[in-house]
Amino acid sequence: MDIKELYELFLKHPVITTDSRDCPEGSIFFALKGESFNGNQYAQAALDKGCAYAVVDEPITLTEEGRGIIVDDVLATLQQLANYHRRQLGTKIIGVTGTNGKTTTKELISAVLAEKYNVLYTQGNFNNHIGVPKTLLRLTKQHDIAVVEMGANHPGEIKMLVNIVEPDYGIITNVGKAHILGFGSFEGVIKTKGELYDFLREKPNSKVFVNNDNPYLMGISQGLDLIKYGTQPADDLSVCGKVTKCDPYLNLEWKQNSGNSKLRELVTHLIGSYNIDNMLAAACIGLHFGVSEEQVCHALSNYIPTNNRSQLEATADNKLIIDAYNANPTSMMAALCNFRDMQVEPKMAILGEMRELGDISADEHQKVVDFLQENNLSNIWLVGEEFQKTRCTFRKFHDVEEVKAAIEADKPCGYFILIKGSNGTRLFELPKLL
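Please read these numbers as outputs of a predicted model, since none were measured by experiment.

Engineer: Help me get a handle on the overall build of the protein chain, residues and values and all.
Structural biologist: Looking only at helices and strands, the protein chain has 16 helices and 19 strands in total. Taking 2.2 N^0.38 as the reference for a compact globule, 434 residues should give roughly 22 Å; the C-alpha atoms of the protein chain span a radius of gyration of 23 Å, in line with that estimate. Referenced to the eigenvectors of the C-alpha coordinate spread, the extents of the protein chain come out at roughly 70 × 60 × 40 Å. Counting across all 434 residues of the protein chain, residues that qualify as buried make up 55%. Within the protein chain, contacts between residues separated by at least 24 positions form 62% of all contacts whose residues are at least 6 apart in sequence. Summed over all atoms, the accessible surface of the protein chain reaches about 19000 Å², with 47% contributed by carbon and sulfur. Here the protein chain contributes 43 positively and 55 negatively charged side chains, and the mean placements of these two sets differ by 3 Å.

Have a look at this one:
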């Protein structure tokens, strides 16, 4: 079956599933493979549970002929179908990538645009080779615009994703030291994230939203139609802003560079002065698409994070700053600088190791503990084998289970507690215990 024939079936059955446990009536099951599973083995079960068709790439026996669609590669077919669907609809798409802040920025952009448009945006963290096509296949004629997040931990992954998405607009939030094990170097990170720019450079009428404060992004954005934002005033900025307060929530003021614009003040629900860039990006993009300044302020001031990113949660015993979805040297230092500057007492931090750093891992973890010691941040719990190797007097734990036992034995009370670490350290399990 070629992609056009499959697309005709998709139009009649426009719900896609890759999980045989979740099979809405009339949906199409794509039998993906992984290191520890083979979806072809579950094709019949998916049909039994309600799927109309199963797309497979191995010979299988089904109880009912005509409901199995055999292809060369199920994943490649899913991606081709998503790209074909995207082309048929022609919806304007904003592609979002970056080392840090891409999910928060994606959500802020979507919240701002939703003030005026029907917006499709990436749910959760569906930003990889499977999640991106599934996001595109949720597009309908009713959507005015889409915001699609794209992540990567190896060279070439952004190139692969942008060729599926074919965005009209792009934003790279920043580039930092993350997934060095996969990218090989910081230069590899910049090159891979820049694959979004490479695609847009060749696409007619494309535009890029760029942080004018970031020398790396400005350096690789030559030849693009740029719409700039930043915290350092410049005549060619679309939007400029600055942090006015961050105790604990981020307060900022911003202004559109046009004759009739006035200075706007915002009180947000986000923790961390580093979120100023994400806020300004969303404001810049919203204004470009005709969202009013009042609507921008309404969306940004009412956005409440619920995804373990820059989130403040008050428990019966403590106030928690939860930033436990992921960590790398850039985001860790940003979180610690913000925590150091917060005028709150007493402070405590539970920090999980930063994963996938390769050869730079030992040095980067030592830099973290050196920073903590130099800035007199004393009540620190360090979690993970990489922190075990560091030279410091802070309390160390091999894993989150040891932390849980310590909390049960002697629960901290009355603290502002920063929780930050790579997702694999599972520090997101701690808030309910604190």
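Engineer: So what's going on with empty space enclosed by the protein? Residues and values would help.
Structural biologist: Tallied over the full model, the rule gives one cavity of 30 Å³ or more. In this structure, the largest cavity occupies an estimated 40 Å³ of space. For the lining of the largest cavity, the secondary-structure elements that each account for two or more residues are β15 (319–323) and α13 (329–341). Per element, the largest residue contribution to the lining of the largest cavity is three residues, and it comes from α13. Within the lining of the largest cavity, the residues separate by chemical class into six nonpolar, one polar and one charged.

Engineer: Tell me about unusual backbone geometry, and name the residues and values.
Structural biologist: Across the junction of Glu 345 and Pro 346, the peptide omega takes the value -10°, indicating a cis bond. With respect to the helices and strands, the residue Pro 346 is situated in the loop between α13 and β16 (347–352). In this structure, Glu 166 takes a positive phi of about 50° despite not being glycine. Here Glu 166 shows up in the loop between α6 (157–165) and β8 (169–172). You will see that Asn 376, though not glycine, has its phi angle at about 55°, which is positive. Within the fold, Asn 376 resides in the loop between α14 (361–374) and β17 (380–383). Overall, the relative accessible area of 67% leaves Asn 376 in the exposed class.

Engineer: Account for the pairing of strand β9 (residues 207–211), naming residues and giving values.
Structural biologist: Most of β9 sits out of view: four of its five residues are buried. Pairing between β8 and β9: three bridges, direction parallel. In the sheet register, Ile 171 faces β9, and the bridge partner there is Phe 209. Pairing between β9 and strand β10 (residues 226–230): four bridges, direction parallel. Looking across to β10, one finds that Phe 209 is bridged to Ile 227. As for the winding sense of the linkage, the β-α-β connection from β9 through helix α10 (residues 215–220) to β10 is right-handed.

Engineer: Before we move on, could you go through the pattern of salt bridges and cite the residues and values that matter?
Structural biologist: For the coordinates displayed, the defined rule picks out 25 salt bridges. Between Asp 168 and Arg 86 there is a salt bridge; the shortest N-O distance is 2.9 Å. Placement of the pair is Asp 168 in the loop between α6 and β8 and Arg 86 in helix α3 (residues 74–89), with a sequence separation of 82 residues. With a relative accessible area of 11%, Asp 168 lands in the buried category. Salt-bridge contacts for Glu 364 lead to Lys 367; the nearest nitrogen and oxygen are separated by 3.4 Å. Remark: Lys 367 and Glu 364 occur in helix α14; sequence separation between them is three residues, near one turn of the helix.

Engineer: Outline the layout of surface pockets, supporting the account with residue identities and numerical values.
Structural biologist: In this structure, the second largest pocket encloses a volume near 260 Å³. Lining the second largest pocket are 14 residues, and of these Val 15, Ile 16, Thr 17, Lys 134 and Arg 138 sit closest to its centre. Those elements that place two or more of their residues in the lining of the second largest pocket are β1 (16–17) and α5 (131–136). Of the residues that constitute the lining of the second largest pocket, the class distribution is six nonpolar, four polar and four charged.

Engineer: Quick one: what's the story with α14, residue by residue and with numbers?
Structural biologist: Between its first and last C-alpha atoms α14 spans 20 Å; for 14 residues at 1.5 Å apiece the expected length is 20 Å, and the two agree. In the core, the buried residues of α14 are packed alongside α13, β16, β17 and α15 (385–388). Of the residues flanking the end of α14, it is Asn 376, one or two places downstream, whose phi is positive at about 55°.

Engineer: Explain the packing of aromatic side chains residue by residue, including any values.
Structural biologist: In total, this model carries five aromatic pairs according to the counting rule given. Both rings, one in Tyr 169 and one in Phe 209, keep their centres 6.1 Å apart while their planes meet at 25°; by these two values the pair is stacked. Of this pair, Tyr 169 sits in strand β8 while Phe 209 is found in strand β9, placing the two residues 40 residues apart along the sequence. The two residues Tyr 169 and Phe 209 agree in class, both being buried. Here the aromatic residues Tyr 7, Phe 10 and Tyr 84 are joined through ring pairs into a cluster of three or more. The side chain of Arg 395 reaches across the aromatic face of Trp 381, ending 4.9 Å from its centre.

Calculation notes
- Within any chain, residue numbers begin from 1 and follow the written order of that chain's sequence.
- Two thresholds apply to this predicted model, a pLDDT of at least 70 for residue-level local features and 80 or more for giving and counting side-chain atom pairs, whereas whole-chain, interface and lining totals are computed over all residues.
- To obtain the side-chain values, all non-hydrogen atoms of the structure were included, while hydrogens and water were left out.
- Each helix corresponds to a stretch of at least 4 residues labelled H or I by DSSP, and each strand to a stretch of at least 2 residues labelled E; elements are numbered beginning at the N terminus.
- What the globule rule says is 2.2 Å times the number of residues to the power 0.38, and the radius of gyration is computed from C-alpha atoms.
- Burial classes: relative accessible area under 20% of the type maximum marks a residue as buried, over 50% as exposed, and values in between as partly exposed (1.4 Å probe, protein chains only).
- The contact rule is simple, with two residues in contact once any of their heavy atoms fall within 4.5 Å.
- Accessible surface area values rest on a Shrake-Rupley calculation with a 1.4 Å probe, where residue burial reflects the displayed protein chains alone.
- Under this rule, positive means Lys or Arg and negative means Asp or Glu; His and the chain ends count for nothing.
- Charge positions come from single atoms, namely NZ of Lys, CZ of Arg, CG of Asp or CD of Glu.
- Cavities and pockets are found on a 1 Å grid laid over the protein atoms alone: a cavity is a set of points where a 1.4 Å probe fits but cannot escape, a pocket is an open set with protein on both sides within 12 Å along at least five of seven lines, and a lining residue has an atom within 4 Å of such a point.
- Grid points are joined across faces, edges and corners, and a volume is the space filled by probe spheres set on the points.
- Under the scheme applied here, ten amino acids are nonpolar (Ala, Val, Leu, Ile, Met, Phe, Trp, Tyr, Cys and Pro), four are charged (Asp, Glu, Lys and Arg), and all others, including Gly, are polar.
- Here, any two strands with at least 2 DSSP bridges between them count as paired.
- Orient the strands so they point away from the viewer; a crossover is then right-handed if the path from the first strand over the helix to the second runs clockwise.
- The salt bridge definition used is simple: a Lys or Arg side-chain nitrogen within 4 Å of an Asp or Glu carboxyl oxygen.
- Expected helix span is given by 1.5 Å per residue-to-residue step, counting one fewer step than there are residues.
- Think of it this way: a Phe, Tyr or Trp ring, Trp meaning its six-membered ring, pairs with another when their centres are within 6.5 Å, and the plane angle makes it stacked under 30 degrees, edge-to-face over 60, tilted otherwise.
- When the NZ atom of lysine or the CZ atom of arginine is within 6 Å of a ring's centre and also within 35 degrees of its normal, the charge is said to sit over that ring.

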